[in-house]
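Each chain, written out:
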Amino acid sequence: MATHMSKCRTWSRVQRFGIAAYRRYSSGSGYPNVSLSSPLPGIPKPVFAAVDGHEQCETKITTLENGLKVASQNKFGQFCTVGILVNSGSRHETKYPSGIAHFLEKLAFSSTAQYGSKDEILLTLEKHGGICDCQTSRDTTMYAVSAEVKGLDTVVSLLSDAVLQPRLLDEEIEMTRMAVRFELEDLNMRPDPEPLLTEMIHAAAYRGNTVGLPRFCPVDNVEKIDKTLLHTYLRSYYCPERMVLAGVGIEHEQLVACARKYLLDVKPVWGAGTPANVDLSVAQYTGGMVKMDKDMSDVSLGPTPIPELTHIMIGLESCSFLEDEFIPFAVLNMMMGGGGSFSAGGPGKGMFTRLYLNVLNRHHWMYNATSYHHSYEDSGLLCIHASADPRQVREMVEIITREFIQMAGTAGEMELERAKTQLKSMLMMNLESRPVIFEDVGRQVLATGKRKLPHQLCDLISNVTGSDIKRVSTKMLRSKPAVAALGDLRQMPSYEHIQAALSSKDGRLPRMYRLFR
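Residues numbered from 1 in each chain as written. Predicted model: local features only at pLDDT ≥ 70, side-chain atom pairs only at ≥ 80, totals over all residues. Heavy atoms only, no water.

The criterion, for reference: UniProt positions are given in the numbering used here, feature names are shortened, and annotations may be inferred rather than shown by experiment.
Under an unreviewed UniProt entry, the name given to the protein chain is Mitochondrial-processing peptidase subunit alpha, and the source organism is Esox lucius. Under the Function (unreviewed entry) heading, UniProt states for the protein chain: "Substrate recognition and binding subunit of the essential mitochondrial processing protease (MPP), which cleaves the mitochondrial sequence off newly imported precursors proteins."

What follows is the structure, encoded as structure tokens:
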């Protein structure tokens, strides 16, 4: 054992100083006095890889003859993420029954002209170590595949087939109806009410228009959606000028060549033609209140059940992600922060944000206070979600309205710098992930035709000042509130009282006097 350890030490010295240097020093008992800032004796001079400026970071964009944009970002590695993003979502369903985007998400990567079933698609991807996914939001539908770089040709061919040549068989649509019904039931039963509250706050803020339309298919529409209706919708919205083929981890020229091969002269299964019924409505912020009185006492039973809570979300109009004010709003949202009263973590988790310091730390009975910022191409919504015991709903609402009023005050230098640093840190950490880079490239190019690089966004964040935060907050407080409430709402203040509190100097609700308690 001792002999083995001695050999290991000897070899480590040879590795560190080189054979010639080791022979020179091995007779003595001491180690050589070698400075780490100068080259080691007997070791060849290292050659470092160099990056030529920002060339390797830039997103390359090409527009094909049919209007389709091809965007790529080089990221070295064995795997790539490639996908098609379509300017289509629940906000475009004004002239159709709501729920089409939800159906298309569930039908994605089913049988196509080239592939007989979803299993065939998955087996084809498996040969290249690939996976596929489809996600829809209020304004975008995204079909994505991650696979080995060598399989790029197969991947783009498969994406083209999945997006433009779906069979939409009767049995597939029937299975989708079952999946949608199950998801709707699950949405109402799950302990986490955030997805449901997000739906409600959008319905309140943009009543009956664009991003206020339901993202999930309403129960009444499940049977109405069929192949003919889907084809009518796809004919209007799934056209090349409303699409981006985005890729991360591949050469741009290679991606353009595949796009020309599989996406340039392809006739969709619903037939080619000029889109006739494209909805170009601009989001109209209305404000308002949506309430759902619901028994939350048995949401999570078991040895440690979640207590009965009432959930409130209050929002105000912010701005679109195309406006200059978007970055100050993002910093404000980070400054508000918040979370659940039981979430673990230190300063990096947001324990020094306003909703932790002013709300959760001071009011032990509040279970949650979290800030969210939803932004779209023509409007935005900054909201705070809070939850507490049903008996303390009125007090909880007043605490949140006071926090909104205090946003327009002077921000402390330290809290502003902390929020900016945290936002930059989150941005850079998320962009370490290839799928996140893909989504960022695709969404930015789809919305603006170009992409702002991370270092440009960091510069914009650094330039935000306290006066910027005050200016955007003051402007936001002029809008009517949007309110969503879920649970036992007997103590819920009226919409007029909430509006009055947000128009006052201190954010307090009007006093109510009762003769009998």
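Alright, that's what it looks like, and here's the rest.
## Thoughts on the overall build of the protein chain
Heads up, the condition is: Secondary structure elements are taken from DSSP: a helix is a run of H or I of four residues or more, a strand is a run of E of two residues or more, and numbering for both begins at the N terminus. Relative accessibility under 20% of the residue-type maximum defines a buried residue, over 50% an exposed one, and the middle range a partly exposed one, all with a 1.4 Å probe and only protein chains included.
Regarding its fold elements, the protein chain presents 17 helices and 12 strands. Split into buried and exposed, the 517 residues of the protein chain put 50% on the buried side.

## What to know about the confidence of the model for the protein chain
Which entries qualify depends on this criterion: pLDDT gives the predictor's per-residue confidence on a scale running from 0 to 100. Here, residues are in contact when the closest pair of their heavy atoms is within 4.5 Å.
Per-chain confidence: the protein chain averages 89 in pLDDT, with 88% of residues scoring 70 or above. When pLDDT is averaged over each element of the protein chain, strand S5 (residues 141–148) comes out on top at 98 and helix H2 (residues 19–25) at the bottom at 48. Across residues 13–29, confidence stays below pLDDT 50; counting only partners more than four residues off in sequence or on other chains, it has 20 contacts.

## Looking at the nonpolar core
How we decide: We call a set of buried residues a nonpolar core when its members are Ala, Val, Leu, Ile, Met, Phe, Trp, Tyr or Cys and they connect through side-chain atoms within 4.5 Å of each other. An automatic or database domain assignment supplies the residue ranges for each domain.
Counting residues in each nonpolar core, the largest one holds 73 residues, and the members touching the most others are Val-82, Phe-109, Tyr-143, Val-156, Leu-230, Tyr-238 and Leu-245. Tallying contributions element by element places helix H5 (residues 152–164) first for this core, with 8 residues. Residue-level mapping places this core at the junction of two domains, with at least three residues from each of domain 1 (59–264) and domain 2 (288–503). Judged by nonpolar contacts, the second largest core, of 53 residues, contains Ile-314, Ala-386, Ile-399 and Phe-404.

## Some details on empty space enclosed by the protein
Put simply, the test is: With a 1 Å grid laid over protein atoms only, a set of points is called a cavity when a 1.4 Å probe fits there but cannot get out and a pocket when it is open yet has protein on both sides within 12 Å along at least five of seven lines; lining residues have an atom within 4 Å of a point. Grid points are joined across faces, edges and corners, and a volume is the space filled by probe spheres set on the points. Gly is put with the polar residues, along with every residue not named as nonpolar or charged; the nonpolar set is Ala, Val, Leu, Ile, Met, Phe, Trp, Tyr, Cys and Pro, and the charged set is Asp, Glu, Lys and Arg.
Going through the model one piece at a time under the given rule, you end up with 3 cavities of 30 Å³ or more. Computed from the structure, the largest cavity encloses a volume of approximately 70 Å³. In terms of lining, the largest cavity is formed by Leu-104, Leu-107, Ala-108, Phe-109, Tyr-143, Ala-162, Val-163, Pro-166, Leu-168, Leu-234 and Tyr-238. For the lining of the largest cavity, the secondary-structure elements that each account for two or more residues are helix H3 (100–107) and H5. Residues belonging to the lining of the largest cavity are distributed by class as follows: 11 nonpolar, no polar and no charged.

## Notes on the environment of Lys-69
Here Lys-69 shows up in strand S2 (residues 69–73). Judged by its relative accessible area of 23%, Lys-69 is partly exposed.

## Remarks on the pairing of strand S4 (residues 131–136)
Each regular strand carries side chains that alternate between the two faces of the sheet. Note the threshold: At least two bridges found by DSSP between two strands are what make those strands a pair.
Inspection of the sheet shows S4 paired to S5 by 6 bridges, in the antiparallel sense. Bridging from a neighbouring strand, Ile-131 pairs with Ser-146 of S5. The loop that links S4 with its antiparallel partner S5 comprises 4 residues.

## As for the pattern of salt bridges
Rules: A carboxyl oxygen of Asp or Glu within 4 Å of a side-chain nitrogen of Lys or Arg is what we treat as a salt bridge.
Taken as a whole, this structure holds 21 salt bridges when the rule is applied. Two residues, Arg-471 and Glu-325, come together in a salt bridge whose shortest N-O distance is 3.4 Å. Of this pair, Arg-471 sits in helix H16 (residues 466–476) while Glu-325 sits in the loop between strand S8 (310–317) and helix H10 (326–336), placing them 146 residues apart in sequence. Here Arg-471 falls in the partly exposed class, since its relative accessible area comes to 42%. Between Arg-451 and Asp-440 there is a salt bridge, with its nearest N and O atoms 2.8 Å apart. With Arg-451 in the loop between helix H14 (434–448) and helix H15 (454–462) and Asp-440 in helix H14, this pair connects stretches of sequence that are 11 residues apart. Residue Arg-451 is classed as buried on the basis of its relative accessible area of 12%. One continuous salt-bridge network, built from bridges that share partners, spans Glu-398, Arg-402, Asp-506, Arg-508 and Arg-511.

## Thoughts on the sheet that holds strand S3 (residues 79–86)
This is how the line gets drawn: A fitted line through C-alpha atoms serves as each axis, taken over the contacting stretch for helices, and the angle formed by two N-to-C directions is quoted from 0 to 180°.
Across the sheet, which stays open at both edges, the 6 strands sit in the order S1-S2-S6-S3-S5-S4 with mixed pairing between neighbours. The outermost strands of the open sheet, each flanked by one partner alone, are strand S1 (60–63) and S4. Mean inter-strand twist for the sheet, computed between neighbouring axes without regard to direction, equals 15 degrees. Pairing geometry for S3 and S5, over 8 bridges, is antiparallel. Bridge pairing links Val-86 to Thr-141 in S5. Sheet strands in contact with helix H9 (residues 252–263) are S1, S2, S3 and strand S6 (243–248), and its direction is about 150 degrees off that of S2.

## Thoughts on the sheet that holds strand S11 (residues 380–388)
Reading across from one edge, S7-S12-S8-S11-S10-S9 is the order of the 6 strands in this open sheet, with mixed pairing throughout. The open sheet has two edge strands, strand S7 (288–293) and strand S9 (338–340), and neither has a second partner. Averaged over all neighbouring strand pairs, the angle between strand axes comes to 20 degrees, with direction disregarded. Strand direction decides the pairing type here: S7 and strand S12 (residues 482–487), joined by 6 bridges, are parallel.

## A few points about unusual backbone geometry
A positive phi angle, close to 60 degrees, is found at Phe-109, a residue other than glycine. Residue placement: Phe-109 occurs in the loop between H3 and helix H4 (118–126). Under the relative-accessibility criterion, Phe-109 is labelled buried at 3%. The backbone of Leu-168 shows a phi angle near 50 degrees, a positive value even though the residue is not glycine. Within the secondary structure layout, Leu-168 lies in the loop between H5 and helix H6 (170–189). Residue class for Leu-168 comes out buried when judged on its relative accessible area of 3%.

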